[in-house]
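Each chain, letter by letter, is given below.
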Protein chains: 2
Amino acid sequence: MNMKNANAASIRDMKKNCEHVSGVLKALAHPQRLMILCHLAEGEKTVGELQELCTLSQSAVSQFLKRMKLENLIDSEKRGLFVHYRIVDPDVKKLMNSLYGIFCR
Amino acid sequence: MNMKNANAASIRDMKKNCEHVSGVLKALAHPQRLMILCHLAEGEKTVGELQELCTLSQSAVSQFLKRMKLENLIDSEKRGLFVHYRIVDPDVKKLMNSLYGIFCR
DNA sequence: TTAGTATATTATATTTTATGAATATGAAAA
DNA sequence: TTTTCATATTCATAAAATATAATATACTAA
């Protein structure tokens, strides 16, 4: 087995992984987006519920949600007048659990 | 027991936690800082070693390290001509392990 | 003391992100 | 069909992050 190539490959992987993971982290790396995710980690919420829970303006919540939706961390479903948001990316669920385990006790 | 106060307290905790954790995440949320941390997760490294491993300029490595040192993720020790960096925050070590477990396989 | 090597700092141009106000959309109720 | 309610979008501006080049420090060896 050619070690040189093996290393080159794993460095490439590492770079790729770091690019992806840092993108995810960037989406979480804001006090209020993280707060929103903490609430979503406990289950689906509407925009209005998040607005109350996080004491944020409607516009702010909407923009934060959009940002995280773009990064595919969450998705939404409109039912009647309300839009329900939830975490979709299973990796993000795992990450939120890890964060809780590490930093919240 | 007063539920209202209990909730108020836990919301306060949540806010505090989110502020701290998002600070940590922000420090990781850059492809090359994350790359540096991945290498440090495997053990102490000098600035020059990181520069080679990550193909970055000396100045860039130095600045990234400074940034993460300010956030107390890492620290450094000068021995002779070389400065050795390592991860100090045990939470960051755990987090790097989680990230690896979630995103790198 | 001079030269060389490893690292740190500074300056700055550029890009990205945050914030808040105003306005728009679109579904439902009256 | 007008009004109301939940949510989304746009826009202006401020603030922060990033990249890069140039220069400085500080230790070592000759």
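In this text the structure is predicted, and so the values were computed from the model without any measurement.

Caption draft 1: Broad picture of the interface of chain B and chain A. If you look at the interface, chain B gives 29 residues, while chain A gives 29 residues. Its largest share of buried area at the contact with chain A, chain B owes to Leu25, Ile102 and Phe103 of chain B, together 22% of the area lost on that side. Where chain B packs against chain A, one counts 0 residue pairs in polar contact (both at pLDDT 80 or more). For the side of chain B that touches chain A, the secondary-structure elements that each account for two or more residues are helix H1 (3-28), helix H2 (31-41) and helix H5 (90-103) of chain B. No other element matches H1 of chain B, which puts 13 residues into the side of chain B that touches chain A.

Caption draft 2: Spatial organisation of the protein's contact with DNA strand D. Within the structure, DNA strand D sits among 21 residues, and Gly48, Gln58, Ser62 and Tyr85 of chain A together with Gln63 of chain B are positioned closest to it. Here Val83 of chain A contributes a backbone N or O atom positioned 3.2 Å from a phosphate oxygen of DNA strand D. Looking at the surface near DNA strand D, the elements that each hand over two or more residues are helix H3 (47-54), helix H4 (58-70) and strand E3 (82-87) of chain A together with helix H4 (58-70) of chain B. Of all the elements, H4 of chain A adds the most residues to the surface near DNA strand D, at 5 residues. For the surface near DNA strand D, a count of residues per class yields 7 nonpolar, 10 polar and 4 charged.

Caption draft 3: Looking closely at the protein's contact with DNA strand C. All names here are of chain B. As a structural note, the neighbourhood of DNA strand C is formed by 20 residues, with Gly48, Gln58, Ser59, Ser62 and Tyr85 the closest of them. The sugar-phosphate backbone supplies 52% of the atoms of DNA strand C found within 4 Å of the protein. Separating a phosphate oxygen of DNA strand C from a backbone N or O atom of Gly48 is a distance of 2.8 Å. Classifying every residue of the surface near DNA strand C gives 7 nonpolar, 10 polar and 3 charged.

Reading guide: rules and limits
- Residues numbered from 1 in each chain as written.
- Chains lettered and ligands numbered in written order.
- Predicted model: local features only at pLDDT ≥ 70, side-chain atom pairs only at ≥ 80, totals over all residues.
- Heavy atoms only, no water.
- Contact = heavy atoms within 4.5 Å.
- Buried area = accessible area lost by both parts, 1.4 Å probe.
- Polar contact = N/O pair within 3.5 Å; in protein donor to acceptor, adjacent residues only side chain to side chain.
- Helix = DSSP H or I, 4+ residues; strand = E, 2+ residues; numbered from the N terminus.
- Near = heavy atom within 4 Å.
- Nonpolar A, V, L, I, M, F, W, Y, C, P; charged D, E, K, R; others polar.

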